[in-house]
Amino acid sequence: MITIRPFRAWRPNGKFVGEVADLPYDVVTDDEVRERLKAHPYSFLRVDKPEAWCGATNQADVAKAAHNALQDLIDGGILVQDQQECLYIYGIESKWGSQYGIVGCFACQEYNEGKIKRHEKTRADKEADRARHVEACKAHTGPIFLTCQEEKALQRWIRGYCRTYEALYAFQDEYGAWQAIYKVSGQKELEELRSLFANIEALYVADGHHRLQAASTYAASRSNEKQSKDRNGEGIKGEYDYFLGVVFPKSELCILDYNRVLKDESGLSKQAFLQQLEVNFHVTQISKEYFKPKTRHVLGMRYKKEWYALSIREEVLVHYKDDVVGVLDTDLLQKLILGPIFHIQEPRTDKRIDFVGGVKGGEVLNDLTEDRWDVAFSLYPTSIEELIAVADAGALMPPKSTWFEPKLRSGLFIHSF
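The residue numbers shown here count from 1 along each chain, following its written sequence. A pLDDT threshold of at least 70 governs which residues receive local features in this predicted model, and a stricter bar of 80 or more applies before side-chain atom pairs are shown or counted, although totals over entire chains, interfaces and linings include all residues. Only hydrogens and water are removed before side-chain values are computed, so all heavy atoms of the structure are retained for them.

Undergrad: Could you clarify how one ought to interpret the overall build of the protein chain in this entry?
TA: Secondary structure assignment for the protein chain yields 14 helices and 21 strands. Computed over the C-alpha atoms, the radius of gyration of the protein chain is 23 Å, within 12% of the 22 Å expected from 2.2 N^0.38 for a compact globule of 417 residues. Its C-alpha atoms give the protein chain principal-axis dimensions of about 70 × 50 × 50 Å. Counting across all 417 residues of the protein chain, residues that qualify as buried make up 54%. The long-range share in the protein chain, meaning contacts at least 24 apart out of those at least 6 apart in sequence, stands at 77%. In short, Shrake-Rupley with a 1.4 Å probe defines the accessible areas, and a residue's cover is counted only from the protein chains shown. Summed over all atoms, the accessible surface of the protein chain reaches about 18,700 Å², with 47% contributed by carbon and sulfur. Note on conventions: DSSP H or I runs of at least 4 residues are helices, E runs of at least 2 residues are strands, and numbering of each starts at the N terminus. For the radius of gyration, the atom set is restricted to C-alpha positions; the globular benchmark scales as 2.2 Å times the number of residues to the power 0.38. Burial classification: accessible surface area is computed with a 1.4 Å probe over protein chains only, and a residue below 20% of its type maximum counts as buried, one above 50% as exposed, and the rest as partly exposed. The contact criterion used throughout is that any non-hydrogen atoms of two residues lie within 4.5 Å.

Here is the structure:
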């Protein structure tokens, strides 16, 4: 049983929705943010990534800049708040397909209890950064991207609602995707959605692990504060005990490949390197400008300006077939190549490796390995079924195992407390 709670969203004034809504803070560089703010001064990146523009180096000052930027949007009438508690439908139509989900607030306690399941290990520094942001803004400024398995009834309900009611917003972003928002405010409809979610056994985090962990940590700190003040006869409302999320049916999600580029510090000659690979892989040189795997357990590799197909040997794969993490291509790459050959043991923090989302296309791997990087690996996309299996097992994927498209727009919903 999953609890979903309506809330009074701060959201863009309809006249400014296309100017406010923007990409998530973690897929754009500081330079890109500054350029976007020149063209779109109301972009929500001003709130979500203040370090890119405010000039502050002190973490507290950066967080204060986020707070001030959010307050400026409110004071200027760029953001407005609904007068009653609502749920929302968020729909995106793009070249990757159609996905429509329900936006609402979800219980941090149910995340802590494992009803809302994660698949990614988080970093303490990134958690702390987002926790400071939440504390400064007194708000969750973007929904956590969630999915569920019990999708048929949810899809039917969403389709029926969208056929009956007009969208609150509908606009096309600069990438050609259509974004649509519907408000659900009727008590009958709200109760129908509560009942639908009561029949959902678990939710799965698709993207937003650091923000979710930060929300949970912040809620715990405020709960401790509340307990202390309650003993003094004071009470604090627990709006912060609920985080902002959007739940999309799993069959509507699109996961692209998430590739790797790295420095070659193996110390091996080309012949010795390829011989080491042959221990665990069938190695085939490919006479193409780019090789993109068409199936699991086949990796593409660009090495010394040549592409190779690396097909994992069956006698090797059999050792991992009963391990929901060990059978993932991202984990096999780490265990069989990155660790033993390139000595990259902690890819989350090692400066010798970087990650390239499949949305940028395969040809970018050629460009990157012409000068700055030495080796590229192209991977077959992780499936949503693999993600769910890992989460159900209480396990964690290697970092950067999934790249979802299209990216959800920030600034469309803000949950304040």
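Next comes the rest of the account.
Undergrad: Before we go on, may I ask you to explain the pattern of salt bridges in this structure?
TA: Oppositely charged side chains are able to pair whenever their charged atoms sit close together. We count a salt bridge whenever a side-chain nitrogen from Lys or Arg sits within 4 Å of a carboxyl oxygen from Asp or Glu. What the rule picks out here adds up to 28 salt bridges. For K117, the salt bridge goes to D392, with nearest N and O atoms at 2.8 Å. Of this pair, K117 sits in strand β6 (residues 116-117) while D392 sits in helix α14 (residues 384-392); the two residues are 275 residues apart in sequence, bridging distant segments of the chain. On the accessibility criterion, D392 (39% relative accessible area) is partly exposed. The salt bridge partner of E191 is R194, with a shortest N-O separation of 3.3 Å. Separated by three residues within a single helix, E191 and R194 lie in helix α8 (residues 187-198), roughly one turn from each other.

Undergrad: Where do I start with the side chain of T369 in this structure?
TA: Secondary-structure assignment places T369 in the loop between α13 (363-368) and β19 (375-378). The term polar contact refers here to a pair of N or O atoms within 3.5 Å; inside protein, the definition further demands a hydrogen-donor-capable atom paired with an acceptor-capable atom, and it admits residues adjacent in sequence only when both atoms are side-chain atoms. Within polar-contact distance, the side chain of T369 engages the backbone oxygen of L365 at 2.6 Å. T369 has contacts with R302, D374, V375 and A376, leaving out every residue within four places of it along the chain.

Undergrad: Help me understand helix α7 (residues 152-164) in this model?
TA: An α-helix turns once per 3.6 residues; consequently, residues spaced three or four apart project the same way. By this rule the span expected of a helix is its residue count minus one, scaled by 1.5 Å. For α7, built from 13 residues, the straight-helix expectation of 18 Å at 1.5 Å per residue is met to within 8% by its first-to-last C-alpha distance of 19 Å. Looking only at α7, the buried set comprises L154, Q155, W157, I158, Y161 and C162. Looking straight down α7, one finds its buried side chains confined to an arc of 165°; they lie on one side. With respect to the buried face of α7, the exposed residues turned more than 90 degrees away are K152, R156, R163 and T164. Looking at the packing, one finds that the buried side of α7 touches β4 (87-94), β5 (97-107), β8 (144-148), β10 (178-184), α8 and β12 (242-249). It is the directions from the helix axis to the C-beta atoms whose arc is reported.

Undergrad: Could you clarify how one ought to interpret α14 in this entry?
TA: Those residues of α14 that sit buried are I384, E386, L387, I388, V390 and A391. Once α14 finishes, G394 follows within two positions and takes phi at roughly 70°, a positive value.

Undergrad: I would appreciate a short explanation of the packing of aromatic side chains in the present structure.
TA: The relation between two aromatic rings is expressed through the spacing of the ring centres and the mutual angle of the planes. Within 6.5 Å between ring centres, the rings of Phe, Tyr and Trp (the latter by its six-membered ring) count as paired, and their orientation is classed by plane angle as stacked under 30 degrees, edge-to-face over 60, tilted in between. With the rule as written, the count across this model stands at 18 aromatic pairs. Aromatic pair F7 and Y88: ring centres 5.6 Å apart, planes at 65°, arrangement edge-to-face. Remark: Y88 occurs in strand β4 and F7 occurs in the loop between β1 (4-5) and β2 (10-12); sequence separation between them is 81 residues. Of the residues examined, F7 reaches a relative accessible area of 1% and is grouped as buried.

Undergrad: Which parts of the structure should I look at to understand the confidence of the model for the protein chain?
TA: Detailed conclusions should not be drawn from predicted coordinates in areas where pLDDT is low. pLDDT is a residue-level measure of predictor confidence that goes from 0 to 100. For the protein chain, per-residue confidence averages 94 on the pLDDT scale, and 97% of positions sit at 70 or higher. With pLDDT under 50 throughout, residues 230-237 is counted as low confidence; its partners more than four residues away or in other chains account for six contacts.

Undergrad: Can you help me understand the environment of I337 in this one?
TA: Tracing the backbone shows I337 in helix α12 (residues 329-338). What makes I337 buried here is its relative accessible area of 0%. Between the C-alpha atoms of I337 and N280, which are 57 residues apart in sequence, the distance is 9.2 Å. In this structure I337 touches L277, F281, L299, L310, L332, F342 and F377, once residues within four positions along its chain are discounted.

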